[in-house]
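Here is how the chains run, residue by residue.
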Amino acid sequence: MKKKKRKRKIIIFSIILIFLIGITYYFFNKNNNYKEVKVISNIEGYNYTLENNKTALYQDLFYQLKNILETETVNEEEYAILISKMFASDFYDLNSKISKNDIGGLQFIYPDKIDTFVTKAQDTIYAYVNSNIYNNRNQELPIVSNVEASIENNTTFKYDTITDNKAINTVVNITYQKDLKYPSTINLTLIHSDKYLYIAEIN
């Protein structure tokens, strides 16, 4: 009899424990609207990836870039224009960012300059971006609605031991859903590294 009672208590305890775990899981997920970031596309032969939390504008530009880079002969001017537009549409769209550490456009920045670029972004344009991990941020932030870019000229760019005599200067015009006094025109300098074009300077 004692064994049966003990076994019954264990079963009841296990049922209660499972119930409590289930209730806790339910309420945690109900209040946690954070969506896992996943890679939904990439470009063959390149390290560019597209994540599911990017804006519709950025996603459209990504697939345009994919079409250009996956051709047999890459049109360099179109390549330069597209990554200029993608950078601007991602970096200045603060509304889509989870926090001040979620810096946009990093995959287009020259690798040796990324750390400096991130620090500067966090101290300036991203400094006051509140966390939105639980999708409950109450803050008005810029939303990029359109970007236009054109090639201004070719130039010589020097950085440390690197010299690019065919660096590309582009001009990007940014349109926002609402004017919150964020940059509307930027100038970018793109340099060559193997088959890649990278943004080395922003003005």
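Residues numbered from 1 in each chain as written. Predicted model: local features only at pLDDT ≥ 70, side-chain atom pairs only at ≥ 80, totals over all residues. Heavy atoms only, no water.

Novice: Explanation requested: the packing of aromatic side chains in the structure shown.
Specialist: Applying the stated rule across the entire model yields 15 aromatic pairs. Look at Tyr46 and Tyr196: their rings are 5.3 Å apart centre to centre, the planes differ by 80 degrees, and that puts the pair in the edge-to-face class. Of this pair, Tyr46 sits in the loop between β1 (39-42) and β2 (49-51) while Tyr196 sits in strand β6 (residues 196-202), placing them 150 residues apart in sequence. Tyr196 gets classed as buried once you look at its relative accessible area, which sits at 11%. With a centroid separation of 5.3 Å and 10 degrees between ring planes, the pair formed by Phe87 and Phe91 is classed as stacked. Taken together, the positions of Phe87 and Phe91, both in helix α3 (residues 76-91) and 4 residues apart, correspond to about one turn of that helix. Residue Phe87 shares its accessibility class with Phe91, and that shared class is buried. (Phe/Tyr/Trp six-rings, centres within 6.5 Å; stacked < 30°, edge-to-face > 60°. Helix = DSSP H or I, 4+ residues; strand = E, 2+ residues; numbered from the N terminus. Buried < 20%, exposed > 50% of the residue type's maximum accessible area, 1.4 Å probe, protein only.)

Novice: Can you help me understand helix α4 (residues 114-123) in this one?
Specialist: Because an α-helix packs 3.6 residues into every turn, residues spaced three or four apart end up facing the same way. Turning to α4, its buried residues number three or more, namely Phe117, Val118, Ala121 and Gln122. The buried residues of α4 all sit within an arc of 130 degrees when viewed along its axis, so they share a single face. Residues Asp115, Thr116, Lys120 and Asp123 are exposed on α4 and point more than 90 degrees away from its buried face. Check the buried side of α4 and you find it contacts α3 and β6. (Arc of directions from axis to C-beta. Contact = heavy atoms within 4.5 Å.)

Novice: I tried to follow the layout of surface pockets on my own but got confused; where do I start?
Specialist: Once rolled over the atoms, a probe with the size of a water molecule shows which space is left empty. Considered as a void within the structure, the second largest pocket measures approximately 370 Å³ in volume. Around the second largest pocket, the lining is made up of 14 residues, and of these Thr116, Phe117, Lys120, Glu201 and Ile202 lie nearest the centre. When residues of the lining of the second largest pocket are traced back to their parent elements, those giving at least two are α4 and β6. Split by residue class, the lining of the second largest pocket holds 9 nonpolar, 2 polar and 3 charged. (1 Å grid on protein atoms, 1.4 Å probe; cavity = no way out; pocket = protein on both sides within 12 Å on 5 of 7 lines; lining within 4 Å. Points joined across faces, edges and corners; volume = space filled by probe spheres on them. Nonpolar A, V, L, I, M, F, W, Y, C, P; charged D, E, K, R; others polar.)

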